[in-house]
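What follows is the residue order along each chain.
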Amino acid sequence: RKQMSNKLPSLIKEGDTLTLIWFSGKNQAGILKEEIEVKSLTNLQELNNLIDRFLQPIGLTAFTKPLQLTKEVIDRIKINKPNTAFSLIFLSDGYNNDDSWSNVQKVMNELRDSVNSVTIVEYSQYADSNRLSEIADTLGGEKILADNFRANKGKLKKK
């Protein structure tokens, strides 16, 4: 949470929009905020408050649902804003344990052409580094370690 809050000011600029999707175990995922336009430091502080209040690790890890939700949000936004560029930052400290890997791959393939830049951030020695790398590769992005994300070394890799 702290890293995301600290990183937001360097990732977004005034007029950008942000969607926050949370996820945990099987069928535990949702949209915290969708297409919030950043207009001022006040908006950014409100987003940071939401991150601190609601985004907390609870247990298991599920990859399918948050990737599906990402695709759904992009599809909704593109209806009214077809030329919008989309970036994905996916933070995980675990292994996919809610669905078969082939289903995760199917969702990644559906999402691949919808995102313009992707960064997968790996937390802890318990994260499935190989699968997180595969997500990054499939989506045309990069996987970085959390320390590099914190140290500002990780930039959103554009396709």
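Quick caveat: nothing in here was measured; it's all calculated off a predicted structure. (Residues numbered from 1 in each chain as written. Predicted model: local features only at pLDDT ≥ 70, side-chain atom pairs only at ≥ 80, totals over all residues. Heavy atoms only, no water.)

Quick word on the overall build of the chain
Within the chain, the regular secondary structure consists of six helices and six strands. Order of helices (α) and strands (β) in the chain, N terminus to C terminus: α-β-β-α-α-β-α-β-α-β-α-β. Here the chain holds 159 residues, and 40% of them are scored as buried. Of the roughly 9,100 Å² that the chain leaves accessible, carbon and sulfur atoms contribute 47%. (Helix = DSSP H or I, 4+ residues; strand = E, 2+ residues; numbered from the N terminus. Buried < 20%, exposed > 50% of the residue type's maximum accessible area, 1.4 Å probe, protein only. Areas by Shrake-Rupley, 256 points an atom, 1.4 Å probe, with all protein chains shown as cover.)

A short note on the pairing of strand β5 (residues 142-145)
With four bridges connecting them, strand β4 (residues 117-122) and β5 associate as parallel partners. Among the inter-strand pairings, Thr119 is bridged to a residue of β5, identified as Glu142. In this fold, β4 hands off to helix α5 (residues 129-139), which returns the chain to β5; that crossover is right-handed. (Pairing = 2+ DSSP bridges. Right-handed = clockwise from strand over helix to strand, strands pointing away.)

Here we look at helix α4 (residues 101-111)
If you check which residues of α4 are buried, you get Trp101, Val104, Val107, Met108 and Leu111. For α4, the angular spread of the buried residues around the axis is 120°, confining them to a single face. In this structure, the buried residues of α4 make contact with α3 (64-80), β3 (87-92) and α5. (Arc of directions from axis to C-beta. Contact = heavy atoms within 4.5 Å.)

Some details on the packing of α3 against α4
For the pair α3 and α4, interaxial distance at closest approach is 9 Å and the crossing angle is 20°. Taken together, the axes of α3 and α4 lie roughly parallel to each other. Taken as a pair, α3 and α4 cross one another with a handedness that is left-handed. Contact with α3, carried on its side by Thr64, Leu67, Gln68, Thr70, Lys71 and Ile74, involves Asn103, Val104, Val107, Met108, Glu110 and Leu111 of α4 and no other residues of that element. Along the lines of polarity and charge, the residues of the contact of α3 with α4 split into six nonpolar, four polar and two charged. (Axes fitted to C-alpha atoms, helices over the stretch in contact; angles between N-to-C directions. Parallel < 35°, antiparallel > 145°, perpendicular 65-115°, else oblique. Left-handed = near helix turned anticlockwise from the far one by under 90°. Nonpolar A, V, L, I, M, F, W, Y, C, P; charged D, E, K, R; others polar.)

Treat this as a map of the structure, not an account of what it does.
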